[in-house]
Amino acid sequence: MRKKIVAGNWKMNKNSSETADLLTQLTGTLPNTTAEVMVAPTFVNLALAVKQMAGSSVEVVAQNMHFAQSGAYTGEISSNMLQSIGIETVILGHSERRAYFGEDDALLAKKVDAAMDADMRVIFCFGEELQDRKAGDHFKVVENQLKNGLFHLETTQWKKIVLAYEPVWAIGTGETASPDQAQEMHAFIRKTIAEAYDQETAQVVTILYGGSVKPANANEIFSKPDVDGGLIGGAALNAEDFAAIVAAI
Ligand code: PGA
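Cut-off values and rules
Residues numbered from 1 in each chain as written. Predicted model: local features only at pLDDT ≥ 70, side-chain atom pairs only at ≥ 80, totals over all residues. Heavy atoms only, no water. Helix = DSSP H or I, 4+ residues; strand = E, 2+ residues; numbered from the N terminus. Rg over C-alpha atoms; globule rule 2.2 N^0.38 Å. Buried < 20%, exposed > 50% of the residue type's maximum accessible area, 1.4 Å probe, protein only. Pairing = 2+ DSSP bridges. Salt bridge = Lys/Arg side-chain N within 4 Å of Asp/Glu carboxyl O. Near = heavy atom within 4 Å. Polar contact = N/O pair within 3.5 Å; in protein donor to acceptor, adjacent residues only side chain to side chain. Nonpolar A, V, L, I, M, F, W, Y, C, P; charged D, E, K, R; others polar. Axes fitted to C-alpha atoms, helices over the stretch in contact; angles between N-to-C directions. Core = buried A, V, L, I, M, F, W, Y, C linked by side-chain atoms within 4.5 Å.

Before going further, it helps to spend a moment on the overall build of the chain. Across its full length, the chain holds eleven helices and eight strands. Taking 2.2 N^0.38 as the reference for a compact globule, 249 residues should give roughly 18 Å; the C-alpha atoms of the chain span a radius of gyration of 17 Å, in line with that estimate. Its C-alpha atoms give the chain principal-axis dimensions of about 45 × 45 × 35 Å. Considering the chain as a whole, with its 249 residues, one finds that 52% of them fall into the buried category.

Next up, the structure:
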């Protein structure tokens, strides 16, 4: 059985008191579930979030990290720093990191390696842009992102990898991939992993869908056989909406 996960990516939203408030609301609203539930506040609020959620089943995760352990990298945060406050999972490769901060596949491969060295879990994001899909290149683009970012890993390291397919054209736009488009791509991702590794690795890895998942469409998207949950942006900033999406899994 694959792990089901619903993760909220708060992006650059919520100051300290707002973070504490939203976590309090979530604690009162989230349904019981066998799925893993995660929230990713900003770096400055991670420590308070870890403290506040101690003893709950909600895991606090980071939105990014640097590949080095320490050193002259002004403004950056390392795996060691995250782990020292109780963070064991990091989102890497989000399309906003790729688009606005120049993170390319080669850099992401180094970040993935840093996470593996630290025995952290990675939620690895990837997905095509609208122009890729229009040109019919979406499978090729996704295959390359996987190859360049992850396929240097050993088979055993895949137990620390969660995938998040996020078509860039669906992020924050209100436009979602149709459940069939999501299923089609998730099945392709599994096939690609099976070819590079083996069937078991492909069948065991959790693949999340991300991009305008809302309470209204979560059920249908999550009903697809190769969709194991969601990475939620906008809707994760509202406790009731996030709780409804968790209920849908
Ligand atoms: P969205 O963001 O749900 O607001 O589209 C998803 C994401 O960026 O992970």
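Before going further, it helps to examine the pairing of strand S5 (residues 121–126). For S5, a buried count of six out of six residues is recorded, marking the element as mostly surrounded by other parts of the structure. By the alternation rule, side chains of S5 split into Arg121, Ile123 and Cys125 and Val122, Phe124 and Phe126, which are all buried. Bridge analysis of strand S4 (residues 89–92) against S5 gives four bridges, and the strand direction is parallel. Bridged to Ile91 within S5 is Ile123. Strand direction decides the pairing type here: S5 and strand S6 (residues 161–165), joined by five bridges, are parallel. Paired with Ile123 across the bridge in S6 is Val162.

Using the criterion set out here, one finds 16 salt bridges in the structure. The salt bridge partner of Arg97 is Glu103, with a shortest N-O separation of 2.9 Å. Overall, Arg97 belongs to the partly exposed group, its relative accessible area being 21%. The network of salt bridges with shared partners includes Arg2, Arg190, Asp226 and Asp228.

With that out of the way, let us pick up the site of the ligand. Close to the ligand lie 13 residues, the nearest being Lys11, His94, Glu166, Gly172 and Ser212. His94 is positioned such that a nitrogen or oxygen atom in its side chain is 2.6 Å from an oxygen atom of the ligand. Looking at the shell around the ligand residue by residue, the classes come out as four nonpolar, seven polar and two charged.

To continue, consider the sheet that holds strand S1 (residues 5–9). Spatially, eight strands are ordered S3-S2-S1-S8-S7-S6-S5-S4 in an open sheet, and the strand pairing comes out parallel. The open sheet has two edge strands, strand S3 (58–60) and S4, and neither has a second partner. Averaged over all pairs of adjacent strands, the angle between strand axes in this sheet comes to 25 degrees, irrespective of strand direction. Two elements, S1 and strand S2 (residues 36–40), share five bridges in a ladder whose sense is parallel. Within S2, the position partnered with Gly8 by the bridge is Val39.

Attention shifts here to unusual backbone geometry. The phi angle at Asp119 is positive, at roughly 60 degrees, despite the residue not being glycine. You can see Asp119 is positioned in the loop between helix H5 (105–117) and S5. Of note, the phi angle at Ser212 is positive, near 60 degrees, even though the residue is not glycine. Following the sequence through the fold, Ser212 ends up in the loop between strand S7 (207–210) and helix H10 (215–222).

For S6, a buried count of five out of five residues is recorded, marking the element as mostly surrounded by other parts of the structure. The two faces of S6 match: Ile161, Leu163 and Tyr165 on one face and Val162 and Ala164 on the other face are all buried. Two elements, S6 and S7, share three bridges in a ladder whose sense is parallel. Across the sheet, the residue bridging to Tyr165 is Tyr209, located in S7.

Further remarks concern the nonpolar core. Ranked by size, the top nonpolar core spans 66 residues in total, and within it Leu150, Trp158, Leu163, Ile189 and Phe242 carry the most contacts. In this structure, Met38, Val61, Val162 and Leu208 belong to the second largest nonpolar core, which totals twelve residues.

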